Amino acid sequence: MDTNNKQNNPVYSRNDSTQVNLTDEEWKKILPKDVYAIARQKGTERPGSSPFEHSHEIGTFYCAVCGNALFRSDTKFESGCGWPSFYEPISRGSIIYAADHGYGMDRTEVMCGRCKSHLGHVFNDGPAPTGLRYCINGVVLDFDKAQDAEKSYNEKDK
Ligand SMILES: [Zn+2]
């Protein structure tokens with residue numbers, strides 16, 4: 001099913017880093033409903049609903065909208081907040097920030113650096129070394145298991 005979604009999504013790419021600028025109407029046609037609601041309408045998934053929250057697999061998290069690399073699994077931690085949490089993005093440009101004063105709160109919104117999709121928020125109560133907690137909606141994340149890590153695990157099992 002995931003594969004079908006991506007086949008219908010002409011902007012999804014793991015190696016094209018050019019900015020993506022589509023209208024809401026265009027996004028609506030390309031994205032699955034749940035992804036659209038969060039990525040383009042700044043929605044929030046139900047806490048505890050993402051299978052990524054407690055995942056300990058080794059690999060890379062990508063933007064589910066455009067394929068931009070966002071976080072490495074070794075910067076993921078158990079925050080207990082109900083959403084997948086990371087303390088550091090994969091690179092400086094992978095994420096962009098905006099002040100969010102919605103719902104009577106002063107928060108910092110985080111968006112994908114390539115397609116400007118809403119991902120979640122960043123807070124100052126994370127662990128060392130950054131002290132940051134990127135609280136991200138799992139619906140807008142794509143995970144790819146590290147192939148090498150997988151291989152070495154299998155070797156050990158033999
Ligand atoms: Zn993106």
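These lines cover the structure that appears in this document, whether it is placed above or below. (Residues numbered from 1 in each chain as written. Predicted model: local features only at pLDDT ≥ 70, side-chain atom pairs only at ≥ 80, totals over all residues.)

**Description of the sheet that holds strand 9 (residues 141–145)**
- The three strands are arranged 2-1-9 in an open sheet whose pairing can be described as antiparallel. Edge positions in the open sheet fall to strand 2 (69–72) and strand 9, since each of these has one partner strand only. Taken over all neighbouring pairs, the strand axes of this sheet differ in orientation by 30° on average, direction set aside.
- Sheet analysis places strand 1 (residues 59–63) next to strand 9, joined by five bridges and oriented antiparallel. (Pairing = 2+ DSSP bridges. Helix = DSSP H or I, 4+ residues; strand = E, 2+ residues; numbered from the N terminus. Axes fitted to C-alpha atoms, helices over the stretch in contact; angles between N-to-C directions.)

**Some words on the nonpolar core**
- The biggest cluster of nonpolar side chains holds 32 residues, and the ones touching the most others in it are Val 35, Cys 63, Val 65, Leu 70, Cys 112 and Val 140.
- Looking at this core, the elements that each hand over two or more residues are helix 3 (33–39), strand 1, strand 2, strand 6 (107–112), strand 7 (118–123) and strand 8 (133–136).
- Take this core: its biggest share by element is four residues, from helix 3.
- The residues contacting Leu 70, other than those within four sequence positions of it, are Phe 61, Tyr 62, Cys 63, Pro 89, Ile 90, Ser 94, Ile 95 and Cys 112. (Core = buried A, V, L, I, M, F, W, Y, C linked by C-beta atoms within 7 Å. Buried ≥ 20, exposed ≤ 12 C-beta atoms within 10 Å, placed from the backbone. Contact = placed C-beta atoms within 7 Å.)

**Observations regarding the sheet that holds strand 4 (residues 85–86)**
- Strand order in this open sheet of six strands is 3-4-8-7-6-5, and the pairing throughout is antiparallel. Two strands bound the open sheet, and with one partner strand each, they are strand 3 (76–77) and strand 5 (95–100).
- In terms of strand pairing, strand 4 meets strand 8 through two bridges, oriented antiparallel. Bridging from a neighbouring strand, Ser 85 pairs with Cys 135 of strand 8.

**Focus on the environment of Tyr 36**
- Checked against the element boundaries, Tyr 36 lands in helix 3.
- Tyr 36 sits 103 residues away from Val 139 along the chain, and the two C-alpha atoms are 9.5 Å apart.
- Setting aside chain neighbours within four positions, we find Tyr 36 in contact with Trp 27, Lys 28, Leu 31 and Gln 41.

**Let's talk about unusual backbone geometry**
- Omega for the bond connecting Ala 128 with Pro 129 falls within 30 degrees of zero, at 5°, which places this linkage in the cis form.
- Within the element layout of this structure, Pro 129 appears in the loop between strand 7 and strand 8.
- Look at Lys 42: it is not a glycine, yet its phi comes out positive at around 55°.
- Summarising the element assignment, Lys 42 is placed in the loop between helix 3 and strand 1.
- In the Ramachandran plot, Tyr 103 falls in the positive-phi region, its phi being about 55° despite a non-glycine side chain.
- The exposure class assigned to Tyr 103 is exposed, which follows from the 6 C-beta atoms found within 10 Å.

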